[in-house]
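Summary of structural features
Take a look at the letters that make up each chain.
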Number of protein chains: 2
Amino acid sequence: MNILILGAAGMVGRRLTKKLIADGALGGTAINRITTFDVFPSEIHSDTIRIEDIAGDIADPTTIESLIADRPDVIFHLAAIVSGEAEADFDKGYRINLDGTRLLFETIRQQKDYRPRVVFTSSIAVFGAPFEDKISDTFLSAPMTSYGTQKAIGELLLNDYSRRGFFDGIGIRLPTIVVRPGKPNKAASGFFSGIIREPLAGLEAILPVDDSVRHWLASPDAAVGFLLHAATMDLAPVGPRRCLNMPGICLSVGEMIEGLRAVAGDEVVARIKRQPDETIRTIVSGWAEDFDPARAIELGFTADADFQSIVRAHIRDTQAGKKA
Amino acid sequence: MNILILGAAGMVGRRLTKKLIADGALGGTAINRITTFDVFPSEIHSDTIRIEDIAGDIADPTTIESLIADRPDVIFHLAAIVSGEAEADFDKGYRINLDGTRLLFETIRQQKDYRPRVVFTSSIAVFGAPFEDKISDTFLSAPMTSYGTQKAIGELLLNDYSRRGFFDGIGIRLPTIVVRPGKPNKAASGFFSGIIREPLAGLEAILPVDDSVRHWLASPDAAVGFLLHAATMDLAPVGPRRCLNMPGICLSVGEMIEGLRAVAGDEVVARIKRQPDETIRTIVSGWAEDFDPARAIELGFTADADFQSIVRAHIRDTQAGKKA
């Protein structure tokens, strides 16, 4: 089996790549080769599987043609300009998130007798206020950001290209991922990870919103689980609406902080500084809080058990990282 | 006031152009100039208003730049490859319906200090089964055709470009228009007009679906009314979800036939031949039947009174056409 990962140098992409290498197989079939693609090299190596590590521009036709000419069996499309940057740089967001995605789909279509599985990471940013109390599987896509618009368009294209038989696509709308390791990215949702990650590392963290803010969360491990399941599941029962709300857990910021306290103690929690930021408060107030992801659960996707286990997994990962 | 009509040679475009010429003003402001644009000349003339009649390709950047360089105050975007053709010719549908629309929006954005009203004709084809009994204003866009996909993407772009302040856009999802004059087009919905138009003209008409099929209909006059209202209404109360289900009337094919009988008699109705066509039956079975267009009604859009008045208006138009 030949696998292509677009956006492989990002947090979820790296974790997915490492998991595939560790497993050595996907859906019971041995993996012969993984191509990791991003704007810079992923630099993930393997002794057991051939890794092609390619850096380039996803909106460049020649680049995408060469990636698709290898006819990967499964394509994970995780490449994206994140929400904050897509809002700040209109052209860049549309070029990567819309043109890049469409170019990928179109390049696949141009190949004869080729129908790969395409797993597209979408986002709950396709939804905009006013919301339902718990967003159902038939809630409309009415995004309030350019990023959400680009993801919603990608979903429409994925459904149409799949319906026409050009590939076998599935879109997964990821919750906000916590705890992101490493440095903050430009996403407005960054503080959801920051208030856990920074205090655990002995650093101060800024909380720009109220403790009462509720949000829909999943761990990096859960995200990788969604991707693997999407890549291997039977798509026949999914039907024509191929983009699914992934199961997460709904928590307030206050509940997250109490979860951190239960795992790591008062001293760690004391490193969180409340510093309201009107811009971030406004952006976050336009986000969905809670979901009823019935279809995804029925189709076998599984959420994290609880927030404390997310915090513990982050501590375990960080310590593993230090040891390595 | 300077008005640009894209898709001006189509049925609704021609009728809109003639109405604007007859009115001489839009929203109380005198019209100085109307530019009619389509793949072929509209050949509509006026003694009172300057008409620029331009034929070209809406997906050609130079063409669109020259149209937008004139900075029209109101742009009606009606240009589209219809559903049947967009399904048959994948590339053409995407090129005109998606690339053409995006090019228009993007060309407007590139102009400095320019924020026209953009009226985009979308379609109830953005909806796909399974439906609600009466489709509400918050029903999701899950199209089952490439045409519907392209329109749904146009709507997302219109919302985002409007939210960012690049223009003041509004999208109107037209019901199926009956009675279309002239010859059938490639739309799978053509028979809804055909079963009225052909018998009234003394010709046989083919009915490819069951009498029980229900659909959502509006007259050409109602469609022009929607466009004029969309061009002049206050958009502040519309909010960020700028694409609205237009009010129509929900009728079964049997009820349409009885309406025709009431106006024109048994002899005319006898010219309808039932000739089931599985392809058309399948396409039509995937269409929405009934709506609750509460937002549009609240915002001042008005539906046809009843089907008999639609038939009578068609007879009046046809006779006026014969006299001319």
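Residues numbered from 1 in each chain as written. Chains lettered and ligands numbered in written order. Predicted model: local features only at pLDDT ≥ 70, side-chain atom pairs only at ≥ 80, totals over all residues.

**A closer look at the environment of Ala-296 of chain A**
All names here are of chain A. Definition in use: What counts as a helix is a DSSP run of H or I of at least four residues, what counts as a strand is a run of E of at least two, and both are numbered from the N terminus. Here, residues touch in the contact sense if the C-beta positions derived from the backbone fall within 7 Å of one another.
Mapped onto the elements, Ala-296 comes out in helix H11 (residues 294–298). Note: C-alpha distance between Ala-296 and Val-238 (58 residues apart in sequence) is 9.3 Å. Beyond its immediate stretch of four places on either side in the chain, Ala-296 contacts Leu-244, Asn-245, Met-246, Pro-247 and Phe-301.

**Considering the relation of the copies chain B and chain A**
Heads up, the condition is: What sets the superposition is a least-squares fit of C-alpha atoms, and only residues with pLDDT of at least 70 in both copies go into it.
The transform that puts chain B on chain A rotates by 180 degrees and translates by 0.0 Å along the axis, for an RMSD of 0.0 Å. Interpreted geometrically, this transformation is the action of a two-fold axis. Using C-alpha coordinates, one finds that chain B approaches the rotation axis most closely at Leu-140 of chain B, a distance of 2.0 Å. Most of the interface of chain B is mirrored in chain A, where 100% of its interface residues again form contacts.

**Points about the nonpolar core**
Our working definition: Put simply, a nonpolar core is buried Ala, Val, Leu, Ile, Met, Phe, Trp, Tyr and Cys residues tied into one set by C-beta atoms within 7 Å. Using C-beta atoms placed from the backbone, we call a residue buried if 20 or more other C-beta atoms fall within 10 Å of its own, exposed if 12 or fewer do, and partly exposed for counts in between.
One finds Ile-5 and Leu-6 of chain A together with Ile-5 of chain B to be the most contacted residues of the largest nonpolar core, which totals 192 residues. Dropping the residues within four chain positions of it, Ile-5 of chain A is found in contact with Gly-13, Leu-16, Thr-17, Ile-34, Thr-35, Thr-36, Phe-37, Phe-76 and Leu-78 of chain A.

**So, the interface of chain B and chain A**
The interface of chain B with chain A comprises 17 residues on the first partner and 17 residues on the second. Here the side of chain B that touches chain A gets six residues from one element, more than from any other, and that element is helix H5 (residues 146–163) of chain B.

**A short note on the packing of helix H2 (residues 61–69) of chain B against helix H4 (residues 90–110) of chain B**
Residues and elements named next belong to chain B. To keep things clear, this is the line we draw: In this description, a line fitted to the C-alpha atoms serves as the axis of each element, helices being fitted only across the stretch in contact, and the angle between N-to-C directions of two axes falls anywhere from 0 to 180 degrees. Between 65 and 115 degrees an angle is taken as roughly perpendicular, under 35 as roughly parallel, over 145 as roughly antiparallel, and anywhere else as oblique. Working rule for handedness: look at the near helix, and if it is turned counterclockwise from the far one by less than a right angle, call the crossing left-handed; if clockwise, right-handed.
Relative orientation of the contacting elements H2 and H4 amounts to 50 degrees, with a least axis distance of 10 Å. For the element pair H2 / H4, the angle class is oblique. As for the relative orientation of H2 and H4, their crossing is right-handed in sense. Residues Pro-61, Ile-64, Glu-65 and Ile-68 of H2 form the contact with H4, whose participating residues are Leu-103, Leu-104, Thr-107 and Ile-108.

**Comments concerning the sheet that holds strand S4 (residues 33–38) of chain A**
All names here are of chain A. Short version of the rule: Any two strands are treated as partners once DSSP identifies two or more bridges connecting them.
Pairing in this open sheet of seven strands is parallel, and the strands run S5-S4-S1-S6-S7-S8-S12 from one edge to the other. Where the open sheet ends on each side, the last strands, each with one partner, are strand S5 (50–55) and strand S12 (243–245). Geometrically, the sheet is characterised by an average inter-axis angle of 15 degrees between neighbouring strands, direction not taken into account. By the bridge criterion, five bridges tie strand S1 (residues 2–6) to S4 in an arrangement that is parallel. Bridge pairing in S4 places Ile-3 opposite Ile-34.

**Focus on the sheet that holds strand S13 (residues 249–252) of chain B**
All names here are of chain B. Taken in spatial order, the three strands line up as S9-S11-S13 in an open sheet, and their pairing is mixed. What marks the edges here is a single partner per strand, and that holds for strand S9 (176–177) and S13. Both S9 and strand S11 (residues 214–218) contribute to a ladder of two bridges, which runs parallel. Paired with Ile-177 across the bridge in S11 is Ala-218.

**Section: the environment of Gly-171 of chain B**
All names here are of chain B. Mapping Gly-171 onto the fold places it in strand S8 (residues 168–174). Note: C-alpha distance between Gly-171 and Arg-33 (138 residues apart in sequence) is 23 Å. Not counting residues within four places of it along the chain, the set of residues in contact with Gly-171 comprises Phe-120, Ser-122, Glu-155, Leu-158, Arg-242, Cys-243 and Leu-244.

**Examining the environment of Leu-174 of chain A**
All names here are of chain A. Structurally, Leu-174 can be placed in strand S8 (residues 168–174). Assessed through the 22 C-beta atoms surrounding it within 10 Å, Leu-174 is described here as buried. Residues Leu-174 and Asn-245, spaced 71 residues apart in sequence, show a C-alpha to C-alpha distance of 7.0 Å.

**Concerning unusual backbone geometry**
Most peptide bonds take the trans form, and the phi angle of most residues other than glycine is negative. A cis amide bond, omega -5 degrees, links Ala-129 of chain B with the succeeding residue Pro-130 of chain B. Mapped onto the fold, Pro-130 of chain B is located in the loop between strand S7 (117–123) and H5. In the segment running from Val-178 of chain B into Val-179 of chain B, the intervening peptide bond is cis, with an omega of 0 degrees. Its place among the elements puts Val-179 of chain B in the loop between S9 and helix H6 (190–200). Look at Asp-113 of chain A: it is not a glycine, yet its phi comes out positive at around 50 degrees. Its location among the elements puts Asp-113 of chain A in the loop between helix H4 (90–110) and strand S7 (117–123). Among the residues examined, Asp-113 of chain A registers 5 C-beta atoms within 10 Å and is labelled exposed.

**Things to note about the packing of H6 of chain B against helix H8 (residues 253–264) of chain B**
Residue and element names in this part refer to chain B. How we decide: Residues were grouped as follows: Ala, Val, Leu, Ile, Met, Phe, Trp, Tyr, Cys and Pro as nonpolar; Asp, Glu, Lys and Arg as charged; and all remaining residues, including Gly, as polar.
Relative to each other, H6 and H8 sit at 25 degrees, their axes nearing to 10 Å. Accordingly, the angle class assigned to the pair H6 and H8 is roughly parallel. In the packing of H6 onto H8, the handedness of the crossing is right-handed. Between H6 and H8, the contacting residues are Ile-195, Ile-196, Pro-199 and Leu-200 on the first element and Met-256, Ile-257, Leu-260 and Ala-264 on the second. Residue classes in the contact of H6 with H8 are distributed as eight nonpolar, no polar and no charged.

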